[in-house]
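Now for the letters of each chain:
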Amino acid sequence: MRILIVTAGSRGDVAPYTGLGRRLVEAGHAVAVAAHPPFAGLIDGCGLDHRPLPGDPRELIRARARAASWEEARAAMGAFLDRLADGVAAAVADGADLVLTAFGPAALSRVAGEASGTPVIGTFLAPACATREFPLAGATDAEDLGPDGNVAAGQRLLADAGALQAGAVAGLRTRLGLPPATSRAATSHTTGADLRPVFHGFSPLVVPRPADWPSGVEVAGYWWPARPRDWRPPAELVDFLQAGTPPVFIGFGSMAPGEGERLGELVTAAVARAGVRAVVQAGWAGLTAAGDDVLAVGDLPHDWLFPRTAAVVHHAGAGTTAAGLRAGVPAVPVPAMADQPFWSARLHRLGVAPRPLPLHELTAESLGAAIITCLTEPALRRRAAELAYALAEEDGTAAVLTHIGAVGGG
């Protein structure tokens, strides 16, 4: 089959689909990934075709940060979604027998699939169906609100997401010659929450499937990112790792663009306070740090680096959280927004991390103390190793491959 994977957002929203895509290629399918241009090299390097989606999410983050009001921020998001809608439609029109969609662009993928007669399957990286068991990622700061409160918070989150996308969805339907959705359908179809089937790309050991989720909504297991075929670790990094004790990794992914200098000073002070060696990843913040025991790096495969570290400090995005769990090392979660408080709370509850340190409250003192806790508390390392061993036994792609084989008659 010709399979198109549609995703939008940061690197963490793209990388897991390279692993899923590679497994699909090995099963005999032709796979393309529709994503923003900055990720073309990653996708091509993993042996998958890239179909570009317009826009750069970094620019959207900066535009929202510069906005003087919620209305201005909402307008920036609306313009971004309108361009994204046309890009998703063009990617699907380029040819596909099946579309796998991330949650963010799911409503747009569904409209494009409807117009072309192409079936669409949800492949989501975070829980996207309201449940009594926990509030959805992004609904709260991960505080359990009780069964009724959890459902209500999840439903509000999905309704808000739908309202934000409603204009882009309606506009795309018009441009593709589809009739307007009825009021009820418009409400339910402006997110991917009611898409069926849906496979969630995280482990049931990390987030068990809620008992009240409807049929057709599954927790499949992690889709580990593929490593670009020609990638080699930089010699400077190899030398640094060999020159001393395992370092601590510190990186905040796509968070805090433009705050690299401020955060770099904080990180430099925290590393000195903790008395550790550190590998510091620039990310979208342009994070910098100084010192004889500090090495600055750019993007590189976490599956190679993290097992060579003593602990990982990160923003607790879905992809980085998964990479840390896979590596079997303790974490210091520093959440900023969206699904990050959810994953941070999970890491703490699983016993592989101390209490999260919200990014806006972060100090050199608190970060240094948390790093020391990770390195001196045996229970954190023991639990991290146990969980990594159990995750290695799972195959998160198996359920997706089985379903696709049934759809394609293979």
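Source: prediction; values computed, not measured.

Draft legend 1. Quick peek at helix 13 (residues 364-376). The end-to-end C-alpha separation of helix 13 is 18 Å, in line with the 18 Å expected for 13 residues at 1.5 Å each. Of the residues making up helix 13, those classed as buried are Ala364, Leu367, Gly368, Ala370, Ile371 and Cys374. Taken down its axis, helix 13 places every buried residue within 160° of arc, on the same side.

Draft legend 2. The arrangement of the sheet that holds strand 9 (residues 278-281) in detail. What the five strands build is an open sheet, ordered 10-9-8-11-12; its pairing is parallel. A single partner strand is all that each edge strand has here, and the edge strands are strand 10 (294-297) and strand 12 (331-333). This sheet shows a mean twist of 15° between the axes of neighbouring strands, independent of strand direction. Pairing of strand 8 (residues 248-250) with strand 9, which is carried by three bridges, proceeds in the parallel orientation. Paired with Ile250 across the two strands is Val280, which belongs to strand 9.

Draft legend 3. Representation of the environment of Pro246 in the model. Relative to the elements of secondary structure, Pro246 occurs in the loop between helix 8 (235-242) and strand 8. Sequence separation between Pro246 and Ala310 is 64 residues; the distance between their C-alpha atoms is 5.4 Å. Not counting chain neighbours up to four residues away, the residues in contact with Pro246 comprise Arg308, Thr309 and Ala310.

Draft legend 4. Local environment of the sheet that holds strand 1 (residues 2-6). An order of 3-2-1-4-5-6-7 is seen for the seven strands of this open sheet, with the pairing classed as parallel. Looking at the sheet topology across the chains shown, the edges are occupied by strand 3 (49-52) and strand 7 (217-219). On average, each strand axis in the sheet is tilted by 25° relative to the strand beside it, whichever way the strands run. Two strands pair when backbone bridges link them, and strand 6 (residues 198-200) and strand 7 are joined in this way by three bridges, in the parallel orientation. When the sheet's bridge partners are listed, Phe199 is paired in strand 7 with Glu218. Contacts between helix 1 (residues 15-26) and the sheet are confined to strand 1, strand 2 (30-35), strand 4 (98-101) and strand 5 (120-124), with strand 1 contributing the most and set at about 175° to the helix. In this fold helix 4 (residues 70-93) packs onto strand 1, strand 2, strand 3 and strand 4, with an angle of close to 170° to the strand it touches most, strand 1.

Draft legend 5. Representation of the pattern of salt bridges within the structure. Summed over all chains, the structure comprises 10 salt bridges. Between Arg273 and Glu365 there is a salt bridge; the shortest N-O distance is 3.4 Å. Of this pair, Arg273 sits in helix 9 (residues 260-274) while Glu365 sits in helix 13, placing them 92 residues apart in sequence. On the basis of relative accessibility, which here comes to 45%, the residue Glu365 falls in the partly exposed class. Two residues, Arg383 and Glu386, come together in a salt bridge whose shortest N-O distance is 3.9 Å. Residue Arg383 and its partner Glu386 are located together in helix 14 (residues 378-391), separated by three residues, close to a single helical turn. The exposure class of Glu386 is partly exposed, given its relative accessible area of 43%.

Draft legend 6. Fine view of the packing of helix 4 against helix 6 (residues 146-175). For the pair helix 4 and helix 6, interaxial distance at closest approach is 9 Å and the crossing angle is 40°. In the crossing of helix 4 with helix 6, the sense of the turn from one axis to the other is right-handed. Seen from helix 4, the contacting residues are Arg74, Met77, Leu81, Asp82, Ala85, Asp86 and Ala89; seen from helix 6, they are Ala163, Leu164, Gln165, Gly167, Ala168, Leu172 and Arg175.

Draft legend 7. Expanded view of the packing of aromatic side chains. For the structure shown, the criterion picks out eight aromatic pairs. Measuring from centroid to centroid gives 5.6 Å for Phe134 and Phe342, while their planes differ by 55°, and the two rings are tilted. Pair noted here: Phe134 is in the loop between strand 5 and helix 6 and Phe342 is in helix 12 (residues 340-350), with a separation of 208 residues, a long-range link. Across the pair, Phe342 and Phe134 agree in class, each one buried. An aromatic cluster is defined as three or more aromatic residues linked by ring pairs; in this entry it consists of Phe134, Phe202, Phe342 and Trp343. For the cation-ring pair, Arg277 lies above Phe240, with the distance from its terminal atom to the ring centre recorded as 4.2 Å. Lying across the ring of Trp304, Arg308 places its NZ or CZ 4.0 Å from the centre.

Cut-offs and rules
Residues numbered from 1 in each chain as written. Predicted model: local features only at pLDDT ≥ 70, side-chain atom pairs only at ≥ 80, totals over all residues. Heavy atoms only, no water. Helix = DSSP H or I, 4+ residues; strand = E, 2+ residues; numbered from the N terminus. Expected span 1.5 Å × (residues − 1). Buried < 20%, exposed > 50% of the residue type's maximum accessible area, 1.4 Å probe, protein only. Arc of directions from axis to C-beta. Pairing = 2+ DSSP bridges. Axes fitted to C-alpha atoms, helices over the stretch in contact; angles between N-to-C directions. Contact = heavy atoms within 4.5 Å. Salt bridge = Lys/Arg side-chain N within 4 Å of Asp/Glu carboxyl O. Left-handed = near helix turned anticlockwise from the far one by under 90°. Phe/Tyr/Trp six-rings, centres within 6.5 Å; stacked < 30°, edge-to-face > 60°. Lys NZ or Arg CZ within 6 Å of the ring centre and 35° of its normal.

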